Amino acid sequence: MRLIVRFFIPCLCFLSFQIVYAQDYFFSQFYNTPLMTNAANTGRIKEDFRIGLINRRQWLLNNALSFNTLGFSGDVNFRKKILGADMVGLGVVVVSDQQSDVFGRQVAILSTGWHRHLDDQKRHYLSLGLQVGYSQISANAGGLQFLSAYDRVSNDFSGPSEDVSGLTPSRQVLLHSGFFYDFSVNKKLEVFAGFNAFNLVQPDYSVLGAERLPMRTHMQAGFTYYLSNQVFVTPQMFWARQSASNNMLLGANLGYIPGLDRRLLTLYAGFWYRMADAAIVYGGLKYKNIQLGLSYDFTVSSLNQVRVVPETKAGIVGAFEISLLFHGFLGRAVPSEQTIPCQIF
């Protein structure tokens, strides 16, 4: 087993390109990355604007493999009657996804949202979204290791390697679209569901040859229920599918409002399970318009076997995520008259 794992880790630096970049970046705190989860979330806020940051650091293995994903998003809404909407939103998304010093991906996206109440009581709320973006994938030829260069006798990559003289950055045009639906059942209960399709044009992505980036779909459903004036819970199901890969997250976040003013301070705690992969714990707080979230993925799959390798046993197989959200108002002359459902995370 040790020989297999020792062989697997360096090989992963090359092979994971097919896994990571054939599958887009993914955040366990999907509920704190609204524009990266569903285009329909653009401008879907009670405030005037929102700014978000998130960083995911995964597989911090000594002298081996690590992933570092940094994301930024910002959106603003306009209470304008455009194409029958009650409100429209505009936003941007920027993501940098780095695998060790071998592969890197940079993404920039423009995002739009269309939002409308479907009834006079403003209990049903529909949001539609569209995103257009640009992506570039690059590789460091000096960091690549190919299976053909592996020497079983010396257990290293000292053999003849592949010709990478034609290695060039890969650029893609991205197109994503989605919808989100809210239903306010009563003052205590709100249910919601959403769907988003990524990579609708399925662009070429490989720096080593013609490979198409498969379409990715997100499905999300859940509800927010107030157990009391100070305690609420938000269970959710989140499912992501891309090619043969499936990621299903089940869990819930619990919110506690210690004071009488829910706009001042809210504390969060949550537990999530990604099927056959990881158990995730989450904690956070919201103070006025600033929300901070921390989570850790405990790997429960067979990937934990990399710990038996001496070079990596001091490393971390799981993943840290830290997120920051800021909501604010623009001091518009005419205050908002819209009632915007927004599940509380």
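A quick note: this is a predicted structure, and the numbers were derived from the prediction, not measured.

1. Notes on the overall build of the protein chain
Stage number 1. Within the protein chain, the regular secondary structure consists of two helices and 14 strands.
Stage number 2. For the protein chain, the proportion of contacts with a sequence separation of at least 24, taken over those separated by at least 6, is 61%.

2. Considering empty space enclosed by the protein
Stage number 1. Counted under the stated rule, the structure contains three cavities of 30 Å³ or more.
Stage number 2. Lining the largest cavity, in full, are Tyr 25, Phe 26, Phe 27, Phe 30, Thr 33, Met 36, Thr 37, Arg 216, His 218 and Phe 238.
Stage number 3. Contributions of two or more residues to the lining of the largest cavity are made by helix H2 (34-37) and strand S8 (216-226).
Stage number 4. Partitioned by chemical class, the residues of the lining of the largest cavity number six nonpolar, three polar and one charged.
Stage number 5. Here the second largest cavity is characterised by a volume of approximately 60 Å³.
Stage number 6. Around the second largest cavity, the lining residues are Asp 24, Tyr 25, Met 36, Arg 105, Val 107, Ile 109, Leu 174, His 176, Phe 198, Asn 199 and Arg 216.
Stage number 7. Elements with a contribution of two residues or more to the lining of the second largest cavity: strand S4 (103-117) and strand S6 (170-184).
Stage number 8. Top contributing element to the lining of the second largest cavity by residue count: S4, with three residues.
Stage number 9. Within the lining of the second largest cavity, the residues separate by chemical class into six nonpolar, two polar and three charged.

3. Brief notes about the pairing of strand S13 (residues 290-299)
Stage number 1. Relative to S13, strand S12 (residues 278-287) runs antiparallel, the two being bridged by ten bridges. When the bridges of S13 are listed, Tyr 282 appears paired with Ser 295.

4. Quick notes on the pattern of salt bridges
Stage number 1. Inspection of the entire model under this criterion finds eight salt bridges.
Stage number 2. Each of Arg 56, Arg 274, Asp 277, Asp 297 and Glu 321 takes part in a single network of salt bridges with overlapping partners.

5. Some points on the nonpolar core
Stage number 1. Phe 26, Phe 30, Tyr 31, Phe 232, Phe 238, Leu 249 and Trp 272 are the most contacted members of the largest nonpolar core, which has 13 residues in total.
Stage number 2. For this core, the elements supplying multiple residues, two or more each, are strand S9 (231-242), strand S11 (265-274) and S12.
Stage number 3. With three residues, S9 is the single largest residue contributor to this core.
Stage number 4. Those residues in contact with Phe 238 that lie beyond four places of it in its chain are Phe 26, Phe 30, Thr 37, His 218, Met 219, Gln 220, Asn 247, Met 248 and Leu 249.
Stage number 5. Core analysis: the second largest hydrophobic core is formed by ten residues, Leu 35, Ile 54, Val 93 and Leu 174 among them.

6. Digging into unusual backbone geometry
Stage number 1. Residue Asn 199 is not a glycine yet carries a positive backbone phi of 55 degrees.
Stage number 2. Along the polypeptide, Asn 199 turns up in the loop between strand S7 (189-198) and S8.
Stage number 3. With phi around 55 degrees, Lys 288 is a residue other than glycine that occupies positive phi space.
Stage number 4. The residue Lys 288 is located in the loop between S12 and S13 in this model.

7. Thoughts on the environment of Ala 244
Stage number 1. Along the chain, the position of Ala 244 falls in the loop between S9 and strand S10 (245-256).
Stage number 2. Spatially, the C-alpha atoms of Ala 244 and Pro 214 are 9.6 Å apart, while their sequence positions differ by 30 residues.

8. Some thoughts on the environment of Arg 274
Stage number 1. Note on placement: Arg 274 falls in strand S11.
Stage number 2. Separated by 23 residues in sequence, Arg 274 and Gly 251 place their C-alpha atoms 8.9 Å apart.
Stage number 3. Beyond its immediate stretch of four places on either side in the chain, Arg 274 contacts Phe 26, Ser 28, Arg 56, Asn 247, Met 248, Leu 249, Ile 280 and Asp 297.

9. Quick notes on the pairing of S6
Stage number 1. Relative to S6, strand S5 (residues 124-139) runs antiparallel, the two being bridged by 14 bridges. Along S6, the bridge assignment pairs Tyr 125 with Asp 182.
Stage number 2. A loop of four residues connects S6 with S7, the two strands running antiparallel in sequence.

10. Describing the confidence of the model for the protein chain
Stage number 1. Here the protein chain averages 82 in pLDDT, while 74% of its residues score no lower than 70.
Stage number 2. Low confidence marks residues 1-22, where pLDDT is under 50. Its contacts with residues over four positions away, or in another chain, come to 65 contacts.

11. A short note on the packing of aromatic side chains
Stage number 1. Taken as a whole and assessed by the stated rule, the structure comprises 14 aromatic pairs.
Stage number 2. Taking the centre distance of 5.2 Å and the plane angle of 70 degrees together, the rings of Phe 30 and Tyr 31 count as edge-to-face. In this structure, Phe 30 and Tyr 31 share a single accessibility class: buried.
Stage number 3. Joined through ring pairs, the aromatic side chains of Phe 26, Phe 30, Tyr 31, Phe 238, Trp 272 and Tyr 282 make up one cluster.
Stage number 4. Directly above the aromatic system of Phe 180 lies the positively charged group of Arg 44, at a separation of 4.2 Å from the ring centroid.
Stage number 5. Here Arg 216 stacks its cationic end above the ring of Phe 198, 3.8 Å away from the centre of that ring.

Reading the values: rules and limits
Residues numbered from 1 in each chain as written. Predicted model: local features only at pLDDT ≥ 70, side-chain atom pairs only at ≥ 80, totals over all residues. Heavy atoms only, no water. Helix = DSSP H or I, 4+ residues; strand = E, 2+ residues; numbered from the N terminus. Contact = heavy atoms within 4.5 Å. 1 Å grid on protein atoms, 1.4 Å probe; cavity = no way out; pocket = protein on both sides within 12 Å on 5 of 7 lines; lining within 4 Å. Points joined across faces, edges and corners; volume = space filled by probe spheres on them. Nonpolar A, V, L, I, M, F, W, Y, C, P; charged D, E, K, R; others polar. Pairing = 2+ DSSP bridges. Salt bridge = Lys/Arg side-chain N within 4 Å of Asp/Glu carboxyl O. Core = buried A, V, L, I, M, F, W, Y, C linked by side-chain atoms within 4.5 Å. Buried < 20%, exposed > 50% of the residue type's maximum accessible area, 1.4 Å probe, protein only. pLDDT = per-residue confidence, 0-100. Phe/Tyr/Trp six-rings, centres within 6.5 Å; stacked < 30°, edge-to-face > 60°. Lys NZ or Arg CZ within 6 Å of the ring centre and 35° of its normal.

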